[in-house]
Amino acid sequence: MSIENNQAWPPEDFSGWYNTAIRQADLIAESPTRGVWTLLPRTTTVWNSIRTEMTDGMRKIGVGEVVMPTLFPMSLLEKEADHVEGFAPEVFTVTQAGSKVLEDPLVVRPTSEVVASELMRTMIGSYRDLPCMFNQWASAFRAEKRPRPFLRTTEFLWQEGYSAHPSSDDADKHARLMSDFYAKFMEDHLSIASIAGSKSDNERFPGAVATYALEAQLGGRSLQLATSHNLGKGFAESHNIKFVDTDSLEKPVYLTSWGSSTRLIGALVMAHGDQQGIVFPPQVAPEPVTIIPAWRNEADKSTVEQFAKNLLPELGTGATIARRDVGTRLGPVRYEVDKGGSPVQIVVGQREINSGVLEYKLRHSGEKGRIGVEQIGTEIAGLNDRVAAEMLKASRAMLASSIVEVDGDRKALVDAANDGKMALTGWSGTRDDEQRFKAETGITIRVHPHNEPDRRDPLTGKVGKSAIFAKSY
């Protein structure tokens, strides 16, 4: 299957478009394991960029880096009744090592709250050790029933961070801080806008006091981009994590956890893609600038290729020259570059060499223009900044257009979600009411958005907490 340049946007079969786009762009390859895909070099380049930028940002707020075990005893997980209830259906277990049957089976990490809690117990003794904060980059494993590349996979890459604090207020402030951190990171580095809010009782992390999440409506469904959890003192008490306070009394700490995953790459594809395929913002693109060689014959070829190679150092890290074989017309080369999503494309041919003026095309908008070779470094930096800003502006507009305000009308809420929109309305129901509504419609409360006024609940007619309803991935 290939993507047609003239197809409607967004396509009716968005899922088909997505699966084709990520394969045409050489992001993934099939693997022998169900629900797991191999991440190809272009994808790992994007992920490493995310990892580098995010790690640098976390260091600035005092977050160190650790590596915790992939395997841990089932008995440790069973300390957390709520935690087990939330993850038991998704957990992989190891029951045998070689020929030996394990008395205490090992869990293959679905998340590391219990391991992080055990580690913190050894790191914290007094108030001087607080806050204690660390992050790890790792794989996690969950038995997904309906896996989808990047969005829900049996094994996925992610970062998971943890912190311990002396008070409930301090923990909640940090959980909110990390939610804000993710929101800014996605805008600055991925050009993706999102809605920030708190999860409902049904949707929050098992064992958490509060979960703060970022959601975006992509391809007609809501996608959770990152989460931050205020874990309260429950985990600390079950793992006996205490500190001696300034009053010489021993007290439990209050914990948080926060994470994001390779789902962000799926979000990039869905947020910025178009009829031709994927579109990367320059901040994270595997090839921020691609030179398209426009030689006409063998006599031109060596001159054009050498000129292009000499330009590369001026274009920044990751700049590349598109492959063009003998006999290949220029049109197919442009098509290959377009479907790969390189945000800035420059044509170099004998005419451009002679004039000292290069033609560029911006992938996200199709804009074409000309820049002088002498100013190429400065001009490209300016183009990259503008492309990033324009893609973020488009993402904000797309998000705003996906939200439908619903005033106390259940049918309007359901119709909006079924039409691929987010319904902004009120909620005054119970946890049981929410579960029943989800079972009847497949629609959930994605978040209670921050800083929104109360609205009328379409199920009860009462005024309730503002809520975003949608179908989700």
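These numbers were taken from a predicted model, which means no experiment stands behind them.

(A) The arrangement of helix H1 (residues 14–24) in detail. Counting buried positions along H1 gives eight out of eleven residues, so the element sits mostly inside the fold. All of the buried residues along H1 are Phe14, Gly16, Trp17, Tyr18, Thr20, Ala21, Ile22 and Gln24. For H1, the elements touching its buried residues are strand E1 (28–30), helix H8 (263–272) and helix H10 (330–340). Asp26 sits one or two residues past H1 and shows a positive phi near 60°.

(B) Focus on the pairing of strand E17 (residues 344–348). Counting buried residues in E17 gives five out of five residues, a clear majority hidden from the surface. Neither face of E17 is open: one carries Val344, Ile346 and Val348, the other Gln345 and Val347, and all of them are buried.

(C) Representation of the side chain of Ser402 in the model. Topologically, Ser402 is positioned in the loop between helix H12 (376–401) and strand E20 (403–405). Since its relative accessible area comes to 6%, Ser402 is described here as buried. Within the structure, the side chain of Ser402 is placed 2.6 Å from the backbone oxygen of Leu399, a separation counted as a polar contact. Setting aside its immediate chain neighbours within four residues, Ser402 contacts Gln217, Lys421 and Met422.

(D) Up close: the pairing of strand E7 (residues 132–141). Of all ten residues in E7, ten are buried, a share of seventy percent or more. Neither face of E7 is exposed, since Cys132, Phe134, Gln136, Ala138 and Ala140 on one face and Met133, Asn135, Trp137, Ser139 and Phe141 on the opposite face are all buried. Examined bridge by bridge, strand E3 (residues 64–65) and E7 share two bridges and lie parallel to one another. Residue Gly64 lies in a different strand from E7, and its bridge partner there is Phe134. One ladder, built from ten bridges, connects E7 with strand E8 (residues 155–165); its direction is antiparallel. Note on E8: the bridge partner recorded for Met133 is Ser163.

(E) Seen up close, the nonpolar core. Core analysis: the largest hydrophobic core is formed by 45 residues, its most contacted members being Leu27, Ile50, Met54, Tyr182, Leu190 and Leu225. Contributing elements (two or more residues each) for this core: H1, helix H2 (41–60), E7, helix H6 (168–190), strand E10 (210–218), strand E11 (221–232) and H8. The leading source of residues in this core is H8, at seven residues. Membership of the second largest hydrophobic core comes to 26 residues, among which are Val115, Ile124, Leu130 and Ala236.

(F) Structural detail: the layout of surface pockets. A volume near 520 Å³ is recorded for the second largest pocket. Taken together, 24 residues make up the lining of the second largest pocket; nearest its centre are Trp9, Pro10, Gly219, Met270 and Met398. Elements represented by at least two residues in the lining of the second largest pocket include exactly E10, H8 and H12. With five residues, H12 is the largest single contributor of residues to the lining of the second largest pocket. Of the residues assigned to the lining of the second largest pocket, the class counts are eleven nonpolar, nine polar and four charged.

(G) Region of the structure containing the environment of Ala236. Inspection of the secondary structure puts Ala236 in helix H7 (residues 234–238). A relative accessible area of 1% places Ala236 in the buried class. Considered as a pair, Ala236 and Ile291 are 55 residues apart in the sequence and their alpha carbons are 55 Å apart. Apart from the residues within four sequence positions on either side, Ala236 is in contact with Ile241, Val253 and Leu255.

(H) Representation of the sheet that holds strand E4 (residues 71–73) within the structure. If you trace the three strands from one edge of the open sheet to the other, you get E4-E6-E5, paired in antiparallel fashion. Both outer strands of the open sheet, E4 and strand E5 (92–97), are each paired with one neighbouring strand and no more. The sheet shows a mean angle of 45° between the axes of neighbouring strands, direction not considered. In this sheet, strand E6 (residues 100–108) lies alongside E4 in antiparallel orientation, the contact comprising three bridges. Within the sheet, the bridge partner assigned to Phe72 lies in E6 and is Val107.

(I) Inspection of the packing of aromatic side chains at higher detail. Within this structure, the stated rule accounts for seven aromatic pairs. Measuring from centroid to centroid gives 5.7 Å for Phe437 and Phe469, while their planes differ by 90°, and the two rings are edge-to-face. On the criterion of sequence distance, the pair formed by Phe437 in helix H14 (residues 431–441) and Phe469 in strand E24 (residues 463–470) is long-range, its members being 32 residues apart. As far as burial versus exposure is concerned, Phe437 and Phe469 are alike and both buried. Members of the aromatic cluster, each reached through a chain of ring pairs, are Trp427, Phe437 and Phe469. Stacked on the ring of Trp295, the Lys or Arg Arg324 has its end atom at 4.3 Å from the ring centre.

(J) View of the pattern of salt bridges. Across all of its chains, the model carries 32 salt bridges by this definition. Residues Arg59 and Asp56 are paired through a salt bridge, measuring 3.4 Å at the closest nitrogen-oxygen approach. In this pair, Arg59 and Asp56 both sit in helix H2, three residues apart, roughly one turn of the helix. Notably, a salt bridge pairs Arg121 with Glu118, separated by 2.7 Å at the nearest N-O pair. A residue pair is termed a helical-turn pair when its members lie 3 or 4 positions apart in one helix, as Arg121 and Glu118 do in helix H5 (residues 113–123) at three residues.

(K) Focus on the sheet that holds strand E18 (residues 357–362). A sheet is described by the order of its strands in space; here five strands give the open sequence E16-E15-E17-E18-E19, paired in mixed fashion. Each edge of the open sheet carries a strand with a single partner, namely strand E16 (320–321) and strand E19 (368–372). By the bridge criterion, four bridges tie E17 to E18 in an arrangement that is antiparallel. Of the residues in E18, the one forming a bridge with Val347 is Glu359. Strand contacts of helix H9 (residues 298–315): strand E15 (289–293), E16, E17 and E18, with the helix running at about 170° to E15, the strand carrying the most contacts.

(L) The arrangement of the side chain of Asp338 in detail. If you trace the backbone, Asp338 turns up in helix H10. Of the residues examined, Asp338 reaches a relative accessible area of 12% and is grouped as buried. Discounting residues that sit within four places of it in the chain, Asp338 has contacts with Ile278, Gln345, Lys361 and Arg363.

Reading the values: rules and limits
Residues numbered from 1 in each chain as written. Predicted model: local features only at pLDDT ≥ 70, side-chain atom pairs only at ≥ 80, totals over all residues. Heavy atoms only, no water. Buried < 20%, exposed > 50% of the residue type's maximum accessible area, 1.4 Å probe, protein only. Helix = DSSP H or I, 4+ residues; strand = E, 2+ residues; numbered from the N terminus. Contact = heavy atoms within 4.5 Å. Polar contact = N/O pair within 3.5 Å; in protein donor to acceptor, adjacent residues only side chain to side chain. Pairing = 2+ DSSP bridges. Core = buried A, V, L, I, M, F, W, Y, C linked by side-chain atoms within 4.5 Å. 1 Å grid on protein atoms, 1.4 Å probe; cavity = no way out; pocket = protein on both sides within 12 Å on 5 of 7 lines; lining within 4 Å. Points joined across faces, edges and corners; volume = space filled by probe spheres on them. Nonpolar A, V, L, I, M, F, W, Y, C, P; charged D, E, K, R; others polar. Axes fitted to C-alpha atoms, helices over the stretch in contact; angles between N-to-C directions. Phe/Tyr/Trp six-rings, centres within 6.5 Å; stacked < 30°, edge-to-face > 60°. Lys NZ or Arg CZ within 6 Å of the ring centre and 35° of its normal. Salt bridge = Lys/Arg side-chain N within 4 Å of Asp/Glu carboxyl O.

Coordinates in, geometry out; function isn't part of it.
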